[in-house]
Amino acid sequence: MGCCDHESSGMVISWYPGHMNKARKELVKLLRGIHVVIEVLDARIPMASANPLLAAMTKQLPIIKILNKADLADKQITRAWLNHFNTQSAGICLLNGRDQPLSFESLLRSAYQLCGPRGSQSRARQMVIVGIPNVGKSSLLNQLTDRKLAKTGNEPAVTRRQQRVQLDEDWYLVDTPGLLWPRLEDQGAAYRLACTGTIRNTAVEAEDIAWFTAEMLLSEHRHALSRRYHIAASITEPEQLLRHIAEIRGSLGKGGHPDWHKTSELLLNDYRSGKLGSLSLETPPE
Ligand SMILES: Nc1nc2c(ncn2[C@@H]2O[C@H](COP(=O)(O)OP(=O)(O)OP(=O)(O)O)[C@@H](O)[C@H]2O)c(=O)[nH]1
Ligand SMILES: [Mg+2]
């Protein structure tokens, strides 16, 4: 018996609600007056969190990529990604995380590096923060301004409209709603997005995402599972792992059977909050 019959469920992950399409149109308009784009990526999944829609929309503009939530990613792998982006592409790539907050000064230095000093006659310039939902865009605006100006929250689609703040006499900064794209062609990447908490939980089954996460952790991060859940060597399958977690956490339902939904959320929350350790899900190409 499978807890969620992963193999045959054939769930296709897709989440592109109307408000995102509206936000996309508003961003097109905004970009006409933008001088630098700040693309926030999730340091655990720099590939899956790169939105191809945004890449197409911003390709004419100077870009600063920020590998965000770096505190939740593997330090060495994040360094490799940083090096990858800073040698492979024209823009600048920076890091940000709870343990290494990016300063306002470093960001401005990169902005000036990309678009030079402001001409004496020209008006103040604008930067825009773009990226997928729940990646930390609004938190970054608050961090850079050292004020709680934007609403943040640990779920996707918290920000629903653009918010513009003045950084100094030369720069404005605009926060935007998180954007996905209509067709998530690479479903492996879609699962990684869901695993990190980018996709609204009404659009995916927690059990399905947890099954994927369990499989991935068993094959790539077994040591992290041993540390947190003290798993025996005999546990090699997602169902066994989830059953074990249900037992040690007492997340049992009727007749002492695992409450699969609750257990799935337990595992996902442990991964998302870093309780399993700082685990990256993607490494840069050789
Ligand atoms: N561990 C960690 N958590 C972070 C970091 N930055 C943001 N968060 C958390 O990530 C969650 C989402 O943050 P937001 O700033 O609301 O994300 P957003 O990109 O604006 O999301 P939307 O507005 O929904 O698109 C919040 O719970 C933040 O506290 C970080 O660097 N490290
Ligand atoms: Mg936001």
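Residues numbered from 1 in each chain as written. Chains lettered and ligands numbered in written order. Predicted model: local features only at pLDDT ≥ 70, side-chain atom pairs only at ≥ 80, totals over all residues. Heavy atoms only, no water.

**Comments concerning the nonpolar core**
Moving on, step 1. In terms of nonpolar packing, the biggest core is built from 78 residues, with Ile 13 and Met 127 touching the most fellow members.
Moving on, step 2. Among the elements that line this core, the one with the most residues is helix α8 (residues 206–220), at nine residues.
Moving on, step 3. Two domains each put at least three residues into this core: domain 1 (6–12 + 184–272) and domain 2 (18–175).
Moving on, step 4. Leave out the neighbours within four places in its chain, and Ile 13 touches Leu 184, Gln 187, Ala 190, Tyr 191, Ala 194, Ile 199, Val 204 and Ile 209. (Core = buried A, V, L, I, M, F, W, Y, C linked by side-chain atoms within 4.5 Å. Buried < 20%, exposed > 50% of the residue type's maximum accessible area, 1.4 Å probe, protein only. Helix = DSSP H or I, 4+ residues; strand = E, 2+ residues; numbered from the N terminus. Domains from an automatic or database assignment. Contact = heavy atoms within 4.5 Å.)

**Quick notes on the packing of aromatic side chains**
Moving on, step 1. Tallied over the full model, the rule gives three aromatic pairs.
Moving on, step 2. Relative to Phe 85, the ring of Trp 81 has its centre 5.5 Å away and its plane inclined at 25°; by these criteria the two rings are stacked. Pair noted here: Trp 81 and Phe 85 are both in helix α4 (residues 75–88), with a separation of four residues, about one helical turn. Here the two residues Trp 81 and Phe 85 agree in accessibility, since each one is buried.
Moving on, step 3. Centre to centre, the rings of Tyr 191 and Phe 212 are 5.0 Å apart; their planes meet at 35°, and the pair counts as tilted. Within this pair, whereas Tyr 191 is found in helix α7 (residues 187–196), its partner Phe 212 is found in helix α8, the two being separated by 21 residues in sequence. (Phe/Tyr/Trp six-rings, centres within 6.5 Å; stacked < 30°, edge-to-face > 60°.)

**Notes on the domain arrangement of the chain**
Moving on, step 1. Split by domain assignment, the chain resolves into domain 1 (6–12 + 184–272) and domain 2 (18–175).
Moving on, step 2. For domain 1 and domain 2, the distance between their C-alpha centroids amounts to 31 Å.
Moving on, step 3. Listed by partner, the interface residues are ten residues for domain 1 and twelve residues for domain 2.
Moving on, step 4. Summing both sides of the interface, domain 1 and domain 2 together bury roughly 890 Å²; the carbon and sulfur share of this comes to 53%.
Moving on, step 5. Considering only the surface of domain 1 that becomes buried against domain 2, Thr 196, Thr 198 and Arg 200 emerge as the three largest contributors, covering 50% of it.
Moving on, step 6. Put simply, domain 1 and domain 2 have zero salt bridges between them. (Buried area = accessible area lost by both parts, 1.4 Å probe. Salt bridge = Lys/Arg side-chain N within 4 Å of Asp/Glu carboxyl O.)

**Digging into the site of ligand 1**
Moving on, step 1. Around ligand 1 sit 22 residues in total, of which Asp 71, Lys 137, Ser 139, Ala 157 and Thr 159 are the nearest.
Moving on, step 2. One nitrogen or oxygen atom from the side chain of Ser 139 is found 2.6 Å from an oxygen atom belonging to ligand 1.
Moving on, step 3. In this structure, an oxygen atom belonging to ligand 1 sits 3.1 Å away from a main-chain N or O atom of Gly 153.
Moving on, step 4. Protein chains bury 90% of the 660 Å² of accessible surface belonging to ligand 1 in isolation.
Moving on, step 5. Its residues assigned to classes, the shell around ligand 1 shows six nonpolar, eleven polar and five charged. (Near = heavy atom within 4 Å. Polar contact = N/O pair within 3.5 Å; in protein donor to acceptor, adjacent residues only side chain to side chain. Areas by Shrake-Rupley, 256 points an atom, 1.4 Å probe, with all protein chains shown as cover. Nonpolar A, V, L, I, M, F, W, Y, C, P; charged D, E, K, R; others polar.)

**A word on the pattern of salt bridges**
Moving on, step 1. Overall, the coordinates contain ten salt bridges when judged by the stated rule.
Moving on, step 2. As a salt-bridge pair, Lys 22 and Glu 26 come within 3.6 Å of each other at their nearest N and O atoms. With Lys 22 and Glu 26 both in helix α2 (residues 18–31) and four residues apart, this pair spans about one turn of that helix.
Moving on, step 3. Exposure remark for Glu 26: the relative accessible area of 25% places this residue in the partly exposed category.

**A closer look at the side chain of His 244**
Moving on, step 1. Positionally, His 244 belongs in helix α10 (residues 238–249).
Moving on, step 2. In this structure the side chain of His 244 is engaged in a polar contact, spanning 2.7 Å, whose partner is the backbone oxygen of Tyr 229.

**With respect to the pairing of strand β6 (residues 171–175)**
Moving on, step 1. Taking burial as the measure, the five residues of β6 include four buried ones, the bulk of the element.
Moving on, step 2. Sheet topology note: the strand β4 (residues 125–131)/β6 ladder contains five bridges and is parallel. Bridged to Ile 129 within β6 is Asp 175.
Moving on, step 3. The sheet contact formed by strand β5 (residues 163–166) and β6 spans four bridges and is antiparallel. Counted as the bridge partner of Gln 166 is Tyr 172 from β6.
Moving on, step 4. The loop that links β5 with its antiparallel partner β6 comprises four residues. (Pairing = 2+ DSSP bridges.)

**Quick notes on helix α9 (residues 222–229)**
Moving on, step 1. Listed as buried for α9 are Ala 224, Leu 225 and Tyr 229. Looking straight down α9, one finds that the buried residues subtend no more than 100° of arc, so they occupy a single side.
Moving on, step 2. Elements in contact with the buried residues of α9: α8, α10 and α11 (260–272).
Moving on, step 3. Phi turns positive, to about 50°, at His 230, one or two residues after α9. (Arc of directions from axis to C-beta.)

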